[in-house]
Amino acid sequence: MMAEAELAWVATAGASGLAVAVAAWAWRLERGGAATLAGLKARVAASELAVAEMRGALVAFPDVRVRLSELEALERGEFLEAPILTLGTGRDAAPSAARSAALAEIARRMGAPADASLLDVLGRLGSVRPRLDQLADTGTPFEARLAGPDGGVLVEGRVEGGAAWLRLSPAPALPVAVDAPVEGPRSATPAGDAAELAPLPMWAIDAAGGLVWANAAWLTETRQTSLAEARARGEGLDRGVDALAAEAARSGVRQDGFRWTAGDGRRRAWRIVAEPLPLEAGGGALAWALEATEAEETRDTLRRHVEAHDETLNHLADAVAIFGPSRRLAFHNTAFQHLFRLDPAWLDERPTHAELLDRLRQRRLLPETPDYAAFKGAELEFYGAAEASPDDSWSLPDGRTLRVVRQPHPLGGLLLIFSDMTDELNLRSRYNAQIQVQRATLDKLNDAVAVFGSDGRLRLHNEAFERFWGLTGEALQDAADFDAVAGLCADALPDPALWLGLKARVADPDPESRVPIAGENRTRDGRLAAWLTRPLPDGATLVAFSDVTARNELERALMQRETALAETQALKREFVGSVSYELRTPLTTIVGYSELLEHSPDLTERSRQHAGAIRIAAAQLTRSIDDVLDMAQIDAGEMELNLEPVSLPALVKAAVEWARPRTEGRGAALKVRAERGLGELVADPARLSQAIDHLLENAIGAVSEGGAITVLLEKRGEGLALTVSDTGRGIPYHLQPNVFDRFARRDRGGPGVGLALVKAIAELHGGVAEVRSEPGRGASFTLTLPPHPPAAGASLEPLRTPAPLVSLDAALDNDHDEHDHAPPAADRLRRATGT
């Protein structure tokens, strides 16, 4: 029972507590709601007050503001008149007096009627339509000024609260100076008298780019007398300058630029600054020009100086590298790149000095060192040096030696100069070697040589000098100067005049004294000493002595032998003449009687053959004697040519007629070929016939049965060439150089005078005789003759392209056709020989 009573009490107490809690919660909720309602009422009142203040502020200014979406709806004709923000918050709000006044003012400023509707006013925004589209598409704000009465209208586009807004407001006119001549007074401007009197050109433009104000300096620079004239003519400082100012007015961002202008016969540089004006002032831009001609010319001069300096360094053979204060490569010439074979693109990246050393080490272009870190640190320590360090040398692994010069740069950093000394060191080594060779060469000479400097001191002498005078090297070294050396040599050659003259050649600086001289003197021991002096390029003088005793005696003996030889030659010519005369008389008798016996009817056929052989042998002996006499006459220079126009084909034809039977008798063939139109030569026909006969006789003696002899006539330059070839055994190579020598041993036999006579006759006519032969394959002898002998002033020319060859008779007939004025040379030869 007790437990139930307690349970009931507890339940009653809980219910009472719950009721009290619910009542307390309801009370608190009611109080919170009342407070919230009071707060909302206060915020609404504050908002209404703010809206009223905003409306008041908007109405206080003659602005027209339109949301871009409402403007589009207006253009679609969805309602007659778009709301204006200053006149209400709803679409149906009636226009107020303030809105009507603002719209009328905007219309007037845009040149529209005062009662124009908003649609008519907005229809005049054609120039800013593209910017309206940009505002709607990308939200790009803009400011513009539409020209019109009293300054026009300011048009401003902005994005706010997720909507694009358009604002139209009257633009106050920019106050400008009263137009007056440049030299007259001008009224004050908003920039003040300071801007008007400023020495630099200043001017202002409106939002459309039109000129609205300019100071006197601008008018003077543009050569305008008044602002009205400048406006009328659309003048400006420069087209690029005007574009810069217009860009500042359009974008609302300050613009800086640089321009060159031409005027008064010279170019001027200007630094242009264009500052945009606030929209409240009507927009546009204020610009001024700062003359920078002197600075630009100085900069240009400095640039050209730097370029010239760099170009000069690029032409240096030494490699130059300049590192700036930051230890980066600031400059390098072409020689530096080539010396170390570095990539130009890598050098253009301006590596640091440490990076350059690392790159050179990778390519083995630094001296080999066991501690590269210490070497690198030592190189980088030169940046702290106050003055140039001593020159250094690098021995590179590739065998080159570089001289390195390091000095602080005047602008900070380090200047490095690398010179390749490899060739210089090699040249110095070769020079020292040449000096040693020179000394050794002088020591090997038999002549006594001494070299004295311009100060008279002995610089050099050879061992022969010591032997010639019987002196020791120590004595000459102690003597030193010329007087002392002359004193030592005077014991062997006591001639004071000689030594005084030699001293004048050694020590006298007068150019007339420094001339080569020579002479001979007798020594005490009977030797004949020849001496001479030669001035050397460095001012020194060479004095040489030689013992010519034996040479003098040899010359005397040679002179005696020459005299005896001349007498022998004269005796030989006299002997040859006498012998030939003595031989010709019996030979003439032999030939005459042999011909009588040969034609005698009483002789048998065999006897008649013997008589013919005697006649032929006697004729050959007579001819050989004539050849020997002709050679003797040529050697004595006594042979004279009987010159006349000669047809070489006619001479050849006559010789061939004589040689053909003998050739065919040996079982060989004789062929003759010639070019057409060979012309004539001025020559001795008898001597040419003699040379041709010897060439044919030589070929007949060489050819064998089944062989052939070929005679070729052709033009060579302006002259003619006669070639006689055979298919005989040829001439050995070792005998060919001497084939034209007289009385030389020949495998072909004969006295050895014929070919020598051929060469002599050719040279008398100004021509040449040549031989070409291959052993076992025959030989070719060529006789080349000019059109005139040397006395006539002609010379041979290179061989031209050969003409077609024809038979000798055809060439001779053609030659006769071309030279009918001259008798055929063959006829003259026949008359001369009686055949």
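Everything discussed here concerns the structure shown above.
Residue positions are given per chain, counted from 1 along the sequence in the order it is written. Given that the model is predicted, a residue must reach a pLDDT of at least 70 before its local features are reported, and side-chain atom pairs must reach 80 or more before they are shown or counted; all residues, however, enter totals for whole chains, interfaces and linings. The side-chain numbers reported here are obtained from all heavy atoms of the structure, hydrogens and water having been left aside.

S.K.: Would you mind showing me how to read the overall build of the protein chain here?
M.R.: Runs of H or I in DSSP of at least four residues are treated as helices and runs of E of at least two as strands, each being numbered from the N terminus. Of the regular secondary structure elements, the protein chain holds 26 helices and 27 strands. A 1.4 Å probe rolled over the protein chains alone gives each residue an accessible area, and that area as a share of the maximum for its type sets the label: buried under 20%, exposed over 50%, partly exposed in between. Classification of the 835 residues of the protein chain by burial places 38% in the buried group. For the protein chain, contacts bridging at least 24 residues in sequence account for 52% of all contacts bridging at least 6. A 1.4 Å probe and the Shrake-Rupley method give the accessible areas. Residues count as covered only by the protein chains that appear here. Accessible area of the protein chain: about 47100 Å², with a carbon and sulfur share of 55%. Whether two residues touch is decided by their heavy atoms; if any such pair falls within 4.5 Å, the residues are in contact.

S.K.: Help me out: how do you make sense of the nonpolar core in this one?
M.R.: Only buried residues count toward a nonpolar core, which is a set of Ala, Val, Leu, Ile, Met, Phe, Trp, Tyr and Cys residues joined through side-chain atoms within 4.5 Å. Counting residues in hydrophobic clusters, the biggest one holds 49 residues, and the most contacted among them are Leu-648, Val-652, Ile-692, Val-711, Phe-781 and Leu-783. Setting aside residues no more than four positions away along its own chain, Leu-648 makes contact with Leu-681, Ile-692, Leu-713 and Leu-720. Grouped together as the second largest cluster of nonpolar side chains are 28 residues, Leu-360, Leu-365, Trp-394 and Leu-416 included.

S.K.: In this structure, what is going on with the sheet that holds strand 7 (residues 255-263)? I would like to understand it.
M.R.: Sheet strands pair via backbone hydrogen bonds, and the direction of the pair is either parallel or antiparallel. Read from one edge to the other, the open sheet built from five strands follows the order 6-5-9-8-7, with strand pairing classed as antiparallel. A single partner strand is all that each edge strand has here, and the edge strands are strand 6 (211-214) and strand 7. This sheet shows a mean twist of 25 degrees between the axes of neighbouring strands, independent of strand direction. Here a strand pair is declared whenever DSSP counts at least two bridges between the two strands. Pairing geometry for strand 8 (residues 266-276) and strand 9 (residues 285-291), over seven bridges, is antiparallel. Whenever a helix is involved, its axis is fitted only over the stretch in contact; in every case the axis is a line through C-alpha atoms, and angles between N-to-C directions fall within 0 to 180 degrees.

S.K.: Looking at this structure, how should I read unusual backbone geometry?
M.R.: The phi angle of most residues is negative, glycine excepted, and most peptide bonds adopt the trans form. A positive phi angle is found at Arg-223, which is not glycine, with a value near 60 degrees. Along the polypeptide, Arg-223 turns up in the loop between helix 7 (216-221) and helix 8 (227-233). A positive phi angle is found at Arg-327, which is not glycine, with a value near 65 degrees. When you line up the elements, Arg-327 lands in the loop between strand 10 (319-323) and strand 11 (329-332).

S.K.: How should the pattern of salt bridges be read in this particular structure?
M.R.: Think of a salt bridge as a Lys or Arg side-chain nitrogen and an Asp or Glu carboxyl oxygen that are within 4 Å of each other. Counted by the stated rule, this structure contains 29 salt bridges. Of the charged contacts in the structure, one is a salt bridge between Glu-774 and Arg-777, with a shortest N-O distance of 4.0 Å. A single salt-bridge network, built from bridges that share partners, covers Glu-156, Arg-158 and Arg-167.

S.K.: Explanation requested: the environment of Glu-463 in the structure shown.
M.R.: Within the secondary structure, Glu-463 sits in helix 16 (residues 463-469). Exposure remark for Glu-463: the relative accessible area of 40% places this residue in the partly exposed category. Separated by 23 residues in the primary sequence, Glu-463 and Ala-440 have C-alpha atoms spaced 9.6 Å apart.

S.K.: When you look at the packing of aromatic side chains in this model, what are you seeing that I'm missing?
M.R.: Remark: the centre distance and the inter-plane angle together describe each pair of aromatic rings, the angle taken between the planes. Whether two aromatic rings pair depends on their centres lying within 6.5 Å, for rings of Phe, Tyr and Trp, where Trp uses its six-membered ring; planes under 30 degrees apart make the pair stacked, over 60 edge-to-face, and the rest tilted. Per the stated rule, a full pass over the model turns up 15 aromatic pairs. With a centroid separation of 5.5 Å and an interplanar angle of 55 degrees, the aromatic rings of Trp-394 and Phe-418 are classed as tilted. Of this pair, Trp-394 sits in strand 12 (residues 392-395) while Phe-418 sits in strand 14 (residues 414-420), and the two are 24 residues apart along the sequence. Under the relative-accessibility criterion, Trp-394 is labelled buried at 3%. For the ring pair Trp-499 and Phe-545, a centre distance of 6.0 Å and an interplane angle of 40 degrees mean the geometry is tilted. Note that Trp-499 is positioned in helix 19 (residues 496-507) and Phe-545 in strand 19 (residues 541-547), a separation of 46 residues in sequence. In this structure an aromatic cluster arises from ring pairing among Phe-336, Phe-340, Phe-375, Trp-394 and Phe-418. By definition here, charges over rings are those cases where NZ of Lys or CZ of Arg is within 6 Å of the ring centre and within 35 degrees of the ring normal. In this structure, Arg-267 packs its charged tip against the face of Trp-260, placed 4.1 Å from the ring centre. The ring of Trp-346 carries the charged tip of Arg-359 above its face, separated from the ring centre by 4.1 Å.

S.K.: What is the right way to read the side chain of Asn-462 from this model?
M.R.: Positionally, Asn-462 belongs in the loop between strand 16 (458-461) and helix 16. Among the polar contacts listed, one links the side chain of Asn-462 to the backbone oxygen of Asp-447, at a separation of 2.9 Å. Leave out the neighbours within four places in its chain, and Asn-462 touches Leu-442, Asp-443, Leu-445, Asp-447, Ala-448 and Val-449. Here a polar contact means two N or O atoms within 3.5 Å. Within protein one must be a hydrogen donor candidate and the other an acceptor candidate, and residues neighboring in sequence count only if both atoms are side-chain atoms.

S.K.: I keep staring at helix 22 (residues 648-665) and nothing clicks. Help me out?
M.R.: One full turn of an α-helix is made of 3.6 residues, so residues set three or four places apart face in the same direction. Multiplying one less than the number of residues by 1.5 Å gives the expected span of a helix. The first and last C-alpha atoms of helix 22 sit 26 Å apart over 18 residues, in line with the 26 Å expected at 1.5 Å per residue. The seven residues ending at a residue and the seven starting there each receive a fitted axis; the angle between those axes is the bend at that residue. By the largest-angle criterion, Ala-659 marks the main kink of helix 22, which is about 35 degrees, and a proline, Pro-661, follows within four residues. All of the buried residues in helix 22 are Leu-648, Pro-649, Ala-650, Leu-651, Val-652, Ala-654, Ala-655, Val-656, Ala-659 and Thr-663. Downstream of helix 22 by a residue or two, Gly-667 has a phi angle that is positive, lying close to 75 degrees.

S.K.: When you look at the packing of helix 23 (residues 685-702) against helix 24 (residues 754-764) in this model, what are you seeing that I'm missing?
M.R.: For any two helices packed against each other, the geometry is given by the interaxial angle and the distance between the axes. For the pair helix 23 and helix 24, the least separation of the axes is 9 Å and the interaxial angle reads 145 degrees. Here the hand of the crossing between helix 23 and helix 24 comes out left-handed. Residues Arg-687, Gln-690, Ala-691, His-694, Leu-695 and Asn-698 of helix 23 form the contact with helix 24, whose participating residues are Gly-754, Leu-755, Leu-757, Val-758 and Ile-761. Under this grouping Gly is polar, as are all residues other than the nonpolar Ala, Val, Leu, Ile, Met, Phe, Trp, Tyr, Cys and Pro and the charged Asp, Glu, Lys and Arg. In terms of residue class, the contact of helix 23 with helix 24 is made up of six nonpolar, four polar and one charged. Throughout, a crossing is termed right-handed when the near helix is turned clockwise from the far one, and left-handed when it is turned anticlockwise from it by less than a right angle.

S.K.: Just to check I follow, could you spell out the sheet that holds strand 16 for this structure?
M.R.: Read from one edge to the other, the open sheet built from five strands follows the order 16-15-19-18-17, with strand pairing classed as antiparallel. Across the chains shown, the open sheet's two edge strands, defined by having one partner strand only, are strand 16 and strand 17 (517-522). Across the sheet, the mean angle separating the axes of adjacent strands is 20 degrees when strand polarity is ignored.

S.K.: Help me understand the packing of helix 22 against helix 23, please; the structure alone is not making it clear to me.
M.R.: Relative to each other, helix 22 and helix 23 sit at 35 degrees, their axes nearing to 10 Å. By crossing handedness, the relation of helix 22 to helix 23 is classed as right-handed. Contacts between helix 22 and helix 23 involve Leu-648, Leu-651, Val-652, Ala-655, Val-656, Trp-658, Ala-659, Arg-662 and Thr-663 from the former and Pro-685, Leu-688, Ser-689, Ile-692, Asp-693, Leu-696, Glu-697 and Ile-700 from the latter.

S.K.: Mind showing me how you'd approach the pairing of strand 4 (residues 163-170) here?
M.R.: For a regular strand, the rule is simple: side chains alternate between the two faces of the sheet. Of all the eight residues making up strand 4, six are buried; the element is thus mostly covered by neighbouring parts of the structure. Where strand 1 (residues 64-67) lies against strand 4, four bridges are found, and the strand directions are antiparallel. Its bridge partner lying in strand 4, Val-66 is registered against Leu-166. When strand 3 (residues 153-160) meets strand 4, the two strands line up antiparallel, connected through eight bridges. Following the sheet pairing, Val-153 is matched in strand 4 by Pro-170.

S.K.: Even after reading the chapter, I still don't get the environment of Gly-384, so can you show me in this structure?
M.R.: Mapping Gly-384 onto the fold places it in the loop between helix 14 (372-380) and strand 12. For the pair Gly-384 and Leu-414, spaced 30 residues apart in the sequence, the C-alpha separation amounts to 9.3 Å.

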